[in-house]
Amino acid sequence: MEPAPYAVDTWHGFQTFATTPAPAPPGPGEPDRSIEERLAYHSAFVTVRTPAIDTLALSVRRLMLLGRHQRTTARPSLILTGPAATGKTTALLEVGRTCHLAHTRQHPAPSGNGQPAVPVAYVLVPPGASAKTLTAGFARYLGIPVTARTTQAQLMHAVIHTYNTAGVRLVLIDEIHRLNPRTTTGAEAADLLKDLTEQIGATFVYAGIDVTTTALFSGVRGAQLAARASLVETGALPARLGTRRPFTDLVTDMETALDLRRHRPGTLSRHAPYLHQRTAGRIGSLNRLIREAALTAILDGTERITKTTLDAVRLDHQAETHPTPRPRGRTW
């Protein structure tokens, strides 16, 4: 079966993601969008630039420059860590998109049937990953054939050769917390990553939930990983930070991007304390809450987000740490 076009852990899917224009609100003077267009827009919605994305982008750029001419040892790597729903995967993909677009602008695909460069690879760590299944994930991204008779050594050789030939410069590895070096298969997978960083000429960036509290940072293997990697942490946005209000700023940016015909600007921003309580300050939870409320507003014809609408949206139990207020039968 062919992978879905937007399965970003394949080259075709990632290239499609990186080159497809990001969703954007309608500009001044643009005609009204249809209901279906606006439903699709709010389903995808905008990616708001966050401090985590900015920090990660700068750190990755610096590490890629630092390791550009390093040949004898593994290049320095980076670990993106934090609680669930704090924007790790979004940040990882946005940095990957930026790297892909920058590289393709500088190095356009050759005319004719020449193969374009593959500057970025995105790999998902499978649950209970072994060295073989993790290597297969690397192979899947570039379409390297894997059969039941393919040995681990053959697969490893094919991955290293193909990635270097394709010119991969940035490897993004998501869900790294699924690796458990305390098990035999997990230890083999961790050793595999170490070998790949030494033999593929790319900068490796790992992302996972609270990685520093897992077995990945314990023992000899953990010490090796920590010694080579910089750390970027994501977290809940505070309601206040000195004189600034980071969470309110995020709410304002998202509200500005809404495409609802009767929504009152400033409504969500005024109720940022309520939204902070509902989402515990987590960007992923806030994004889900506002998107679902916007879709409801279009479907029920109200065309505005109300307190009742927000109260009706149920968030993941890990994200919603406070009781949901009871609907009071009034709107904003």
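Residues numbered from 1 in each chain as written. Predicted model: local features only at pLDDT ≥ 70, side-chain atom pairs only at ≥ 80, totals over all residues. Heavy atoms only, no water.

A.B. asks: Let's hear about the sheet that holds strand β2 (residues 120-124): which residues, and what values?
C.D. replies: The sheet built from five strands is open, its strands ordered β2-β3-β4-β1-β5 with parallel pairing. Strands at the two margins of the open sheet, each flanked by one partner only, are β2 and β5 (229-233). Neighbour-to-neighbour, the strand axes of this sheet turn through a mean angle of 20°, independent of strand direction. Pairing of strand β1 (residues 77-82) with β5, which is carried by five bridges, proceeds in the parallel orientation. Along β5, the bridge assignment pairs Leu78 with Ser230. Strands β2, β3 (170-174) and β4 (203-209) of the sheet are contacted by helix α5 (residues 131-141), whose axis makes an angle of about 140° with β2. (Pairing = 2+ DSSP bridges. Helix = DSSP H or I, 4+ residues; strand = E, 2+ residues; numbered from the N terminus. Axes fitted to C-alpha atoms, helices over the stretch in contact; angles between N-to-C directions. Contact = heavy atoms within 4.5 Å.)

A.B. asks: Tell me about the environment of Thr89, and name the residues and values.
C.D. replies: You can see Thr89 is positioned in helix α4 (residues 88-106). Its relative accessible area of 31% is what places Thr89 among the partly exposed residues. It is 9.8 Å that separates the C-alpha atoms of Thr89 and Leu172, two residues lying 83 residues apart in sequence. Within the local environment of Thr89, its side chain forms a polar contact with the side chain of Asp174, the two groups lying 2.8 Å apart. (Buried < 20%, exposed > 50% of the residue type's maximum accessible area, 1.4 Å probe, protein only. Polar contact = N/O pair within 3.5 Å; in protein donor to acceptor, adjacent residues only side chain to side chain.)

A.B. asks: Run through the layout of surface pockets, naming residues and quoting values.
C.D. replies: If a probe as big as a water molecule is rolled over the atoms, it shows which places are left empty. Within this model, the largest pocket holds a volume of roughly 870 Å³. Considering the residues around the largest pocket, the lining is formed by 35 residues, among which Thr47, Thr89, Thr90, Leu93 and Asn287 are closest to the centre. Of all elements in the fold, only α2 (35-44), α4, β4 and α12 (283-299) reach the threshold of two or more residues within the lining of the largest pocket. The greatest single-element share of the lining of the largest pocket, amounting to six residues, is contributed by α4. The class makeup of the residues in the lining of the largest pocket is 17 nonpolar, 11 polar and seven charged. (1 Å grid on protein atoms, 1.4 Å probe; cavity = no way out; pocket = protein on both sides within 12 Å on 5 of 7 lines; lining within 4 Å. Points joined across faces, edges and corners; volume = space filled by probe spheres on them. Nonpolar A, V, L, I, M, F, W, Y, C, P; charged D, E, K, R; others polar.)

A.B. asks: Lay out the nonpolar core in plain terms, naming residues and giving numbers.
C.D. replies: Phe14, Phe138, Tyr163, Ile173, Ile176, Leu196 and Phe204 are the most contacted members of the largest nonpolar core, which has 57 residues in total. Ignoring sequence-local partners within four residues, the contact set of Ile176 consists of Val125, Leu193, Tyr206, Ala207, Gly208, Val211 and Leu216. Of all hydrophobic cores here, the second largest spans 29 residues; its members include Val48, Leu258, Leu286 and Ile290. (Core = buried A, V, L, I, M, F, W, Y, C linked by side-chain atoms within 4.5 Å.)

A.B. asks: Provide a residue-level description of the side chain of Ser130, including the pertinent values.
C.D. replies: Its location among the elements puts Ser130 in the loop between β2 and α5. In contact with Ser130, other than residues within four places in its own chain, are Thr185 and Ala189.

A.B. asks: Report on the pattern of salt bridges, specifying residues and quantitative values.
C.D. replies: A full pass over the atoms with the stated rule returns eight salt bridges. With a closest N to O distance of 2.6 Å, Arg49 and Asp54 form a salt bridge. The exposure class assigned to Asp54 is partly exposed, which follows from its relative accessible area of 40%. The partner of Glu94 in a salt bridge is Arg97, and the shortest N-O contact between them spans 3.2 Å. Separated by three residues within a single helix, Glu94 and Arg97 lie in helix α4, roughly one turn from each other. A residue is classified by how much of its surface remains accessible, and Arg97, at 12% relative accessible area, is buried. (Salt bridge = Lys/Arg side-chain N within 4 Å of Asp/Glu carboxyl O.)

A.B. asks: Explain unusual backbone geometry to me, using residue names and the numbers behind them.
C.D. replies: The backbone of Phe45 sits at a positive phi, close to 65°, despite the residue not being glycine. Tracing the backbone through its elements, the reader meets Phe45 in the loop between α2 and α3 (51-66).

A.B. asks: Outline the packing of aromatic side chains, supporting the account with residue identities and numerical values.
C.D. replies: Under the criterion given, the structure shown has four aromatic pairs. Measuring from centroid to centroid gives 5.8 Å for Tyr41 and Phe45, while their planes differ by 70°, and the two rings are edge-to-face. The pair formed by Tyr41 and Phe45 is uniform in burial state, with each residue classed as buried. Seen from the ring of Tyr41, Arg33 lies directly overhead, with NZ or CZ sitting 4.8 Å from the centre. Arg97 extends its terminal NZ or CZ atom over the ring of Phe17, reaching a point 4.2 Å from the ring centre. (Phe/Tyr/Trp six-rings, centres within 6.5 Å; stacked < 30°, edge-to-face > 60°. Lys NZ or Arg CZ within 6 Å of the ring centre and 35° of its normal.)

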